[in-house]
Amino acid sequence: MLKGFKDFILRGNIIDLAVAVVIGTAFTAIVNAVVASIITPLVSLFFKADAAGDFGPQIRNIYGEMVTFPLGDLISAIISFLAVAVVVYFVFVLPMNTFKAHVEARKGTAAEAPEEEPAAATEAELLIEIRDLLAKRS
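Thresholds applied
- Residues numbered from 1 in each chain as written.
- Predicted model: local features only at pLDDT ≥ 70, side-chain atom pairs only at ≥ 80, totals over all residues.
- Heavy atoms only, no water.
- Helix = DSSP H or I, 4+ residues; strand = E, 2+ residues; numbered from the N terminus.
- Buried < 20%, exposed > 50% of the residue type's maximum accessible area, 1.4 Å probe, protein only.
- Contact = heavy atoms within 4.5 Å.
- Areas by Shrake-Rupley, 256 points an atom, 1.4 Å probe, with all protein chains shown as cover.
- Core = buried A, V, L, I, M, F, W, Y, C linked by side-chain atoms within 4.5 Å.
- Phe/Tyr/Trp six-rings, centres within 6.5 Å; stacked < 30°, edge-to-face > 60°.
- Patch = residues over 30% accessible without salt bridge, like charges linked within 9 Å, V, L, I, M, F, W, Y side chains within 5 Å.
- Salt bridge = Lys/Arg side-chain N within 4 Å of Asp/Glu carboxyl O.

Digging into the overall build of the chain
So, point 1. Tallying secondary structure elements over the chain gives five helices and two strands in all.
So, point 2. Counted from the first residue to the last, the chain has its helices and strands arranged as α-α-α-β-β-α-α.
So, point 3. Looking at the chain as a whole, 12% of its 138 residues qualify as buried.
So, point 4. Expressed as a percentage of contacts within the chain between residues at least 6 apart in sequence, the contacts between residues at least 24 apart total 40%.
So, point 5. When the accessible area of the chain is evaluated, it comes to approximately 11,300 Å², of which 68% is carbon and sulfur surface.

Quick look at the structure:
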């Protein structure tokens, strides 16, 4: 019963699914807080916020009004994703891959090495063998 559970847990797709859930839930609040408290103020040093609080390059439209391209949100989202991906990779994926490699290495040393079949004879070797057999017969 435990062996079946162990096999279920060690499947690659189960681990991938768990990593996806972790990316989507567990680190979201932490990363959003870091981005809101550190990254957003850093980006706002370079871009002036408009009345709505968005910051980014501002361009005047054909009616003479200023339009803001809110690149700050895009930059924050990219940094959030990269931060989550780095943490998940180094905390979950890398240790799991190392563990799988270790398990595979142990399986390889525990099992007996299969006996190798002799190499197939070349055409020249077969012709020599046939010649020798014919010579013995006559």
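Some details on the nonpolar core
So, point 1. Listed in full, the ten residues of the largest apolar core are Ile15, Val19, Val22, Phe27, Val31, Val35, Ile39, Val84, Val88 and Met96.
So, point 2. Breaking this core down by element, the ones donating at least two residues are α2 (12-24), α3 (28-44) and α4 (71-110).
So, point 3. If near-sequence neighbours (up to four positions away) are discounted, Ile39 is found in contact with Val34, Ser76 and Ile79.

Structural notes on the packing of aromatic side chains
So, point 1. Following the criterion strictly, the structure yields one aromatic pair and no others.
So, point 2. Measuring from ring centre to ring centre gives 5.1 Å for Tyr89 and Phe90, while their planes differ by 80°; the resulting arrangement is edge-to-face.
So, point 3. On the basis of relative accessibility, which here comes to 38%, the residue Tyr89 falls in the partly exposed class.
So, point 4. On the basis of relative accessibility, which here comes to 52%, the residue Phe90 falls in the exposed class.

Quick word on a nonpolar patch on the surface
So, point 1. Together, Ile59, Val67, Phe69, Leu71, Leu74, Ile75, Ile78, Ile79, Phe81 and Leu82 make up a nonpolar patch on the protein surface, roughly 850 Å² of accessible area in all.
So, point 2. The element that contributes the greatest number of residues to the nonpolar patch is α4, accounting for seven residues.
So, point 3. Relative to the assigned elements, Leu82 resides in helix α4.

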